[in-house]
Amino acid sequence: MTSKEYDTTPRADTPESNGGESAARSNFIREIIDEHNRSGRFGGRVHTRFPPEPNGYLHIGHAKSICLNFGLAQDYGGKCNLRFDDTNPIKEEQEYIDSIITDVRWLGFDWQERLFYASDYFGQLYEWAVKLVKDGKAYVDHLSADEIREYRGTLTQPGKESPYRNRSVEENLDLFERMKNGEFPDGTCVLRAKIDMASPNLNMRDPVLYRILHAEHPRTGNAWCIYPMYDWAHGQSDSIEGITHSICTLEFEDHRPLYEWFIQNLGIYAPQQIEFARLNLTYTVLSKRKLIQLVREGYVRGWDDPRMPTISGIRRRGYTPEGIRLFADTIGVAKANSTVDLALLEYCIRQDLNKRAPRKMAVLRPLKVVLTNYPEDQVEELEAVNNPEDSDAGTRKVPFSRVLYIERDDFMENPAPKYYRLAPGREVRLRYGYFIKCVDVIKDGQGQIIELHCTYDPETRGGTAPDGRKVKATIHWVSAAHAQEAEVRLYDNLFTVPDPGADETRPFTDFINPNSLEVLTTCRIEPSLAGAKPGERFQFERLGYFAADPDSTESRLVFNRTVTLKDEWAKIQKQQG
RNA sequence: UGGGGGAUAGUUCAACGGCAGAACGACGGGUUCUGGCCCCGUUAAUCUUGGUUCGAAUCCAGGUCCCCCAGCCA
């Protein structure tokens, strides 16, 4: 394995290569890059990487990092690699590699031919380890894992040197080679760097470089039985790829001196590690461990359950790459730990969907309405606007007839204050249709409202009255004879509290929202929705944004509610108690 | 009690010695054939104590609080 060539010439062919700032909002990383461009440290290059370990599915927190790394490269006319940090075969699987590739691509980013794996560098990494041994800077340690921990000391006390620390170069070379050749079982010994057992930074107390793992690797199979630790692999992988800015999360700040020690003692190209605060979101969890638990213990249907904060989950839910990128840009990047309000994510998604989602009419909880003065067999085709935000979206025809369904919520027998939808004796407008007035409320034996009798005003076709009278509300509807039946899944926060992990005396699963999923099976949707393909997104007017689910069949569509519309009436109701 | 980081409206992020600003949220209003979108307005912050300076969120000193580190995980 040889180190890769990388281009160190300034990228004069790209628009942002004059060392200049771009239009994006300022942040501390851009300032560092700008400074590097001024000083010429990287010759004006900007080359980042997104380096996931393929041990799970990507989530919205990773999206922040992906948008940051790829976004910086785009803005500065640079490059961004996708690199799998696959140094621990015990946890990693091809399934995860595949899903990560899918997700990053879906988010809208392109690494071109630069898809790499830390395992691509196992050979080079081994050679560099041999060099360190030869330089007297690494040794094979036969202390057990427990002993290593004891010898490491504590936060306040220095560590002790291992009795094996001063083996000869020859012995270390021999032992290390035999480690590689598989002569020792797992856990027998490790290769450690010889740095400083008294360092106040525990990462510098002779960190382990290689451990013995007789495990099959998704990519290298059984070629290796020793595997590099993160610290030994990461910086050198960055170096090999010519990365300029190695952006990682805050918990690696303590690792930076080690990152630099390896690079320096190997005498190889030095990238700059920069740390930023990872994303936290209210009403959700983003730790891999907790996400796995939700899946394994059946709290959700899988990694792609629309309630999950995984990329595959929010994709299925109907979130858009554009919306997620807008979110990443909006939250910015800094070093302070923070928790972003979920409302901001939802705002960004609505913002994007509002511009692009075709409008449709759908009734979630149907209430039958008979227009008693409308001709029995008449059907009209009413013209509806597909998207008021996009004049190019055109119009469509929606069938209208004597028997309709409206939303149960759009009728109130004893209307509350400020409720201005349909009520006995009250007139409202049917969207794109006529004014109707409720004249009779039909109930069953239990007193449940089962049907409304209304009259329509033929003069109001198109939605305006010739006499100029106004109505307070416009409600959506579908024609009973023409509507299709569909299933709609409504989602609420997976957790009932803003920070489910805050109480350390209780498991986070105690705070799971029992009502996070509501399945409605008798919804009626306008006929033009027939044939909607999984993944297609719509706005159901007055209800929210919805995406067709892969569970849909030819005969029966299933929709996920992506996010509600802002709902002024819901707010008023809340205030009214 | 070692080391490394951090602290600006309710939330997230700007301001880099010179008028503390934006977005979201909340509240109020306008507009409207979606109680949506859009528009306008109100609310609301520099952790603390000193110091330097004509002038400090920004520089200096002390303090407080929060986060991370003792994997053969990443």
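Caption draft 1: Focus on the sheet that holds strand β5 (residues 190-193). Overall, antiparallel pairing links the four strands, which are arranged β4-β5-β6-β7 in an open sheet. Edge strands, defined here as strands with exactly one partner in the open sheet, are β4 (138-141) and β7 (226-228). Direction aside, neighbouring strands of the sheet carry axes that sit 20° apart on average. In the sheet, β5 pairs with strand β6 (residues 208-212) via three bridges, with the strands oriented antiparallel. Paired with V190 across the bridge in β6 is R211.

Caption draft 2: Structural detail: the protein's contact with RNA strand B. Around RNA strand B, the structure places 71 residues, and the nearest of them are R25, E31, R359, R429 and G462. Across the atoms of RNA strand B situated within 4 Å of the protein, the share located in sugar and phosphate is 64%. In this structure, T87 approaches RNA strand B through a side-chain N or O atom, which is 2.7 Å from a phosphate oxygen. Within the contact set of RNA strand B, a phosphate oxygen lies 3.2 Å away from a backbone nitrogen or oxygen of V333. Only α5 (145-151), β6, α12 (342-356) and α13 (568-576) provide two or more residues apiece to the surface near RNA strand B. A class-by-class count of the residues in the surface near RNA strand B yields 26 nonpolar, 20 polar and 25 charged.

Caption draft 3: Quick look at the state of the cysteines. What the rule picks out here adds up to zero disulfides. Cysteine C189 shares no disulfide, and the gap to the nearest cysteine sulfur, in C225, comes to 10.0 Å. For C189, a relative accessible area of 1% corresponds to the buried category. For C438, which is in no disulfide, the shortest distance to another cysteine sulfur is to C454 and amounts to 4.7 Å.

Caption draft 4: Quick look at the packing of aromatic side chains. Counted according to the given criterion, the structure contains 23 aromatic pairs. With centroids separated by 6.4 Å and ring planes inclined at 65°, the aromatic side chains of F42 and Y269 adopt a geometry described as edge-to-face. Taken together, the positions of F42 in the loop between α1 (28-39) and β1 (47-50) and Y269 in the loop between α8 (256-266) and β9 (272-276) put the pair 227 residues apart, joining distant regions of the chain. Note on F42: relative accessible area 5%, which makes it buried. Judged by centre distance (4.8 Å) and plane angle (25°), the rings of Y126 and F176 are stacked. Here F176 lies in helix α6 (residues 169-180) and Y126 lies in helix α4 (residues 122-134), a separation of 50 residues in the sequence. Here Y126 matches F176 in class, with each residue buried.

What counts as what
- Residues numbered from 1 in each chain as written.
- Chains lettered and ligands numbered in written order.
- Predicted model: local features only at pLDDT ≥ 70, side-chain atom pairs only at ≥ 80, totals over all residues.
- Heavy atoms only, no water.
- Pairing = 2+ DSSP bridges.
- Helix = DSSP H or I, 4+ residues; strand = E, 2+ residues; numbered from the N terminus.
- Axes fitted to C-alpha atoms, helices over the stretch in contact; angles between N-to-C directions.
- Near = heavy atom within 4 Å.
- Polar contact = N/O pair within 3.5 Å; in protein donor to acceptor, adjacent residues only side chain to side chain.
- Nonpolar A, V, L, I, M, F, W, Y, C, P; charged D, E, K, R; others polar.
- Disulfide = S-S within 2.5 Å.
- Buried < 20%, exposed > 50% of the residue type's maximum accessible area, 1.4 Å probe, protein only.
- Phe/Tyr/Trp six-rings, centres within 6.5 Å; stacked < 30°, edge-to-face > 60°.

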